Amino acid sequence: MNNEVIFWTQVASTVAFVLSVFGLYRLLVDQKDATIQLLKETVSTLKDQLAEARSSTPDVLAQSLSNRVKLLEVELERLSSDKDANQELVHEKEEELRATRQKAEELTKQVLLAQEMLNDFLCPHCGAPLAVREYHSEMVEYQGREIDVDHDYSEYECGYAVLDGKQRHPCRGKRPRGKSAVADT
Ligand SMILES: [Zn+2]
C-alpha cells in the first residue's frame, strides 16, 4: 500500500467512526425520547386508574345512588301531578325507584360492615393502626380441674392495649376520632 491509499483509508475509517458515533448518539437520543414518552404514558395511565379507583369507592357509589333516588323521586312527583301522564310510565318509574332504593340500602349496609371491620383494626380513641393482635390460651385450675382460658390481646401504634376487652395501656394518640370514640373504661 502506498501512502495515498493509507491516507484515504484513514480518512474513510475516521468518517465511518464519526458517522457511527453520531448514529449511536441519534439512536440514544431517540431511545431516551422513547423512554420518556413511555414513562409519561405510564404515569398518565396510573393517574387514570387512580381517578377511577377513587370514583368507584363505595362512598361515591352510595352517594351517586342516593342522588339517583332523589332524581327519581322528583321525576315521579312531576309525573304524578301531571294528569295526562302515562300511567304505565309512572309505574315504570316507581319500579325503578324501588330498585334503586334497594341497591342503595344494600350498599350502605356493605359500607357500614366494611367500616366496622376496619374499626376493629384501628384504635377506638385516635384511629392509630393495630400493631399487635395475639390470641393465646392459658391453662388454669378451676374447681380442682384444669381448663383452657382464651385470651385476646390487641395493641395499637399509639400504645393503647386491650386484653380481653379490658384496657391495659391508655391511648397516647393525638388524633381524635370524633363520634366513634369510645369512653375509657
Ligand atoms: Zn390510640
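For clarity, every value in this text was computed on a predicted model and none was experimentally measured.

### Here we look at the overall build of the protein
Okay, step 1: Scanning the protein from N- to C-terminus turns up three helices and four strands.
Okay, step 2: The linear arrangement of helices and strands in the protein, starting from the amino end, is α-α-α-β-β-β-β.
Okay, step 3: Of the roughly 15000 Å² of accessible surface on the protein, 57% is carried by carbon and sulfur atoms.

### Overview of unusual backbone geometry
Note: most residues except glycine have negative phi, and most peptide bonds are trans.
Okay, step 1: Positive phi is not limited to glycine here, since Gln143 has a value of about 50°.
Okay, step 2: Looking at the secondary structure, you find Gln143 in the loop between β1 (130-142) and β2 (145-156).
Okay, step 3: Unlike most non-glycine residues, Asp164 shows phi in positive territory, near 50°.
Okay, step 4: You can see Asp164 is positioned in the loop between β3 (161-163) and β4 (166-169).

### Focus on the coordination of the zinc ion
Okay, step 1: Taken together, the protein ligands of the zinc ion are Cys123 (SG), Cys126 (SG), Cys158 (SG) and Cys171 (SG), with distances of 2.2 to 2.3 Å.
Okay, step 2: Read in sequence order, the donor residues for the zinc ion give the motif C-x2-C-x31-C-x12-C. Residue Cys126 is found in the loop between α3 (87-119) and β1, and its partner Cys171 is found in the segment after β4; the two are separated by 45 residues along the sequence.
Okay, step 3: Its relative accessible area of 6% is what places Cys126 among the buried residues.

### Overview of the environment of Arg168
Okay, step 1: Residue placement: Arg168 occurs in strand β4.
Okay, step 2: Measuring from C-alpha to C-alpha, the distance between Arg168 and Ser154 comes to 9.5 Å, with 14 residues separating the pair along the chain.
Okay, step 3: Dropping the residues within four chain positions of it, Arg168 is found in contact with Ala161, Val162 and Leu163.

### Some remarks on the pattern of salt bridges
Okay, step 1: Considering all chains together, one arrives at five salt bridges under this definition.
Okay, step 2: Here Glu73 makes a salt bridge to Arg101, at a shortest N to O gap of 2.5 Å. Of this pair, Glu73 sits in helix α2 (residues 58-81) while Arg101 sits in helix α3, and the two are 28 residues apart along the sequence.
Okay, step 3: The partner of Glu95 in a salt bridge is Arg98, and the shortest N-O contact between them spans 2.8 Å. Of this pair, Glu95 and Arg98 both sit in helix α3, three residues apart, which is roughly one turn of that helix.
Okay, step 4: The network of salt bridges with shared partners includes Arg68, Glu75, Lys93 and Glu96.

### Looking at the side chain of Lys93
Okay, step 1: Inspection of the secondary structure assignment puts Lys93 in helix α3.
Okay, step 2: By relative accessible area, Lys93 is classed as buried at 14%.
Okay, step 3: Looking at Lys93, its side chain comes within polar contact range of the side chain of Glu75, at 3.4 Å.
Okay, step 4: For Lys93, the residues in contact, after removing those within four places along its chain, are Leu72, Glu75, Leu76 and Leu79.

Calculation rules
Residue numbers restart at each chain and count upward from 1, following the sequence in its written direction. Selection of residues for local features in this predicted model requires a pLDDT of at least 70, selection of side-chain atom pairs for listing and counting requires 80 or more, and totals for whole chains, interfaces and linings are taken over all residues. Side-chain numbers here rest on the full set of heavy atoms in the structure, without hydrogens or water. By the criteria applied, helices consist of DSSP H or I runs no shorter than four residues and strands consist of E runs no shorter than two, each listed in order from the N terminus. Each accessible area is a Shrake-Rupley estimate made with a 1.4 Å probe; only the visible protein chains count as cover when residues are assessed. Each metal's donors are the N, O and S atoms found within 2.8 Å of it, except that Na, K and Ca use a 3.2 Å limit; water is left out, so coordination can look incomplete. Burial classes: relative accessible area under 20% of the type maximum marks a residue as buried, over 50% as exposed, and values in between as partly exposed (1.4 Å probe, protein chains only). It only takes one pair of heavy atoms within 4.5 Å for two residues to be counted as in contact. The term salt bridge refers to a side-chain nitrogen of Lys or Arg lying within 4 Å of a carboxyl oxygen of Asp or Glu. N or O atoms within 3.5 Å of each other form a polar contact, as long as, within protein, one can give a hydrogen and the other can take it, and as long as residues adjacent in sequence are counted only when both atoms are side-chain atoms.

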